Amino acid sequence: LRAELTARGIEITYANFPYRVVNVEGQIALKDDGIEFHEMRARMWMKDGVETAEEVPGQAPAEIWMNGMTDGYLRESAYKLYFDIRNLPVTPKLRAALQSGAQNVYDMFSPSGSVSGKVEVVKEPGPDLPIVHNIEMEMQSCSATFKPFPYPVTDATGKIILRGDDLRIIGARCRHKDAWF
């Protein structure tokens, strides 16, 4: 048995990363042995701190594409989800969606700006197995203030790689006033 659905303008929130995504479109296939997601995409703006499908003049939209599949319908089922993210605003709303360890890192830097990159979410079959989030994001004109060294930096760029508890920042560049680091 297979049922194919076309999503148009729906809202999705993933339980393990509770960040509301609106204006979602794409194909969903419901099968006997699981779900397939094909070319799911969202294009949204932030207006007064709320995600909206309504275009906001002068603001570039956040864009999210997703493909993936589940190997069943139960909590123990395996799944793999792949996200391509462009221009996601770094805001307290994003912080709230992070797991506690990542929230602590966020709090140490108090960042702002936007990020683009890829996220892979993998859950192997079986009860109580951990969900693995592999994240690679590029900072785009970000700003931050590192609490132990409280000098604000701007124009931050570089790649953030998060694999479980392993966090790396590669090729970072930023400035404080006229000094580049």
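Here the structure is a predicted model, which is why all the values come from computation and not from measurement.

Peer 1: Explanation requested: the packing of aromatic side chains in the structure shown.
Peer 2: Two descriptors summarise a pair of aromatic rings, namely the distance from one centre to the other and the angle between the planes of the rings. Throughout the structure, instances matching the rule amount to 3 aromatic pairs. Centroid distance phenylalanine 149 to tyrosine 151: 5.0 Å. Interplanar angle 50°. Geometry classified as tilted. Accessibility expressed as a relative area gives 45% for tyrosine 151, which makes it partly exposed.

Peer 1: For this particular structure, what's the right way to read the pattern of salt bridges?
Peer 2: Pairing between side chains becomes possible if they bear opposite charge and their charged atoms approach one another. Applying the stated criterion to the full structure yields 17 salt bridges. For glutamate 4, the salt bridge is made with arginine 2, and the minimal N-O distance between the two is 2.9 Å. Across the salt bridge formed by arginine 20 and glutamate 11, the nearest N and O atoms sit 3.0 Å from each other. Residue classification places glutamate 11 among the partly exposed residues on the basis of a relative accessible area of 47%. Taken together, the salt bridges that share partners define one network made up of Arg2, Glu4, Lys31, Asp33 and Glu36.

Peer 1: Any chance you could explain the pairing of strand S8 (residues 131–146) here in plain terms?
Peer 2: The side chains of a regular strand alternate between the sheet's two faces. Bridge count between strand S7 (residues 112–123) and S8: 11 bridges; the pairing is antiparallel. Paired with serine 116 across the two strands is glutamate 138, which belongs to S8. The sheet contact formed by S8 and strand S9 (residues 149–163) spans 9 bridges and is antiparallel. Residue methionine 139 lies in a different strand from S9, and its bridge partner there is glycine 158. Hairpin connection of S8 to S9: 2 residues between the antiparallel strands.

Peer 1: Can you walk me through the environment of serine 112 in this structure?
Peer 2: Take serine 112: it is sitting in strand S7. Take serine 112: its relative accessible area is 33%, and that puts it in the partly exposed class. In sequence terms serine 112 and alanine 156 are 44 residues apart; their C-alpha atoms lie 9.8 Å from each other. Non-local contacts of serine 112, meaning those with residues more than four positions away in its chain, are made with Val90, Cys142 and Ser143.

Peer 1: What is the right way to read the nonpolar core from this model?
Peer 2: Within soluble globular proteins, side chains that are nonpolar tend to cluster in buried spots. Tyr19 and Phe83 are the most contacted members of the largest nonpolar core, which has 29 residues in total. Where this core is concerned, the elements lending two or more residues are strand S1 (2–14), strand S2 (17–31), strand S3 (34–47), strand S5 (62–70), strand S6 (79–90), helix H1 (92–97) and S7. When near neighbours in sequence (up to four residues on either side) are disregarded, phenylalanine 83 contacts Ile64, Trp65, Met66, Gly117, Lys118, Val119 and Val121.

Peer 1: I'm lost on unusual backbone geometry in this one. Help?
Peer 2: Note on backbone geometry: most residues besides glycine have negative phi, and most peptide bonds are trans. Notably, serine 110 is not glycine yet its phi reads approximately 45°, a positive angle. Structurally, serine 110 can be placed in the loop between helix H2 (100–109) and S7. Phi at aspartate 128 takes a positive value of approximately 60°, unusual for a residue other than glycine. Tracing the backbone through its elements, the reader meets aspartate 128 in the loop between S7 and S8. Taking the relative accessible area as the measure of exposure, aspartate 128 reaches 80% and is therefore exposed.

Peer 1: Honestly, the pairing of S1 in this entry has me stumped. Any pointers?
Peer 2: Bridging between S1 and S2 involves 10 bridges; their strand directions are antiparallel. By the bridge assignment for S2, arginine 2 is matched with lysine 31. Linking two consecutive strands that pair antiparallel, namely S1 and S2, is a turn of 2 residues.

Peer 1: What's the story with a nonpolar patch on the surface in this structure? I'm lost.
Peer 2: Side chains of Leu5, Leu30 and Tyr73 sit close together on the surface and give an oily, nonpolar patch of about 270 Å² of accessible area. Its location among the elements puts leucine 30 in strand S2.

Conventions used here
- Residues numbered from 1 in each chain as written.
- Predicted model: local features only at pLDDT ≥ 70, side-chain atom pairs only at ≥ 80, totals over all residues.
- Heavy atoms only, no water.
- Phe/Tyr/Trp six-rings, centres within 6.5 Å; stacked < 30°, edge-to-face > 60°.
- Buried < 20%, exposed > 50% of the residue type's maximum accessible area, 1.4 Å probe, protein only.
- Salt bridge = Lys/Arg side-chain N within 4 Å of Asp/Glu carboxyl O.
- Pairing = 2+ DSSP bridges.
- Helix = DSSP H or I, 4+ residues; strand = E, 2+ residues; numbered from the N terminus.
- Contact = heavy atoms within 4.5 Å.
- Core = buried A, V, L, I, M, F, W, Y, C linked by side-chain atoms within 4.5 Å.
- Patch = residues over 30% accessible without salt bridge, like charges linked within 9 Å, V, L, I, M, F, W, Y side chains within 5 Å.
- Areas by Shrake-Rupley, 256 points an atom, 1.4 Å probe, with all protein chains shown as cover.

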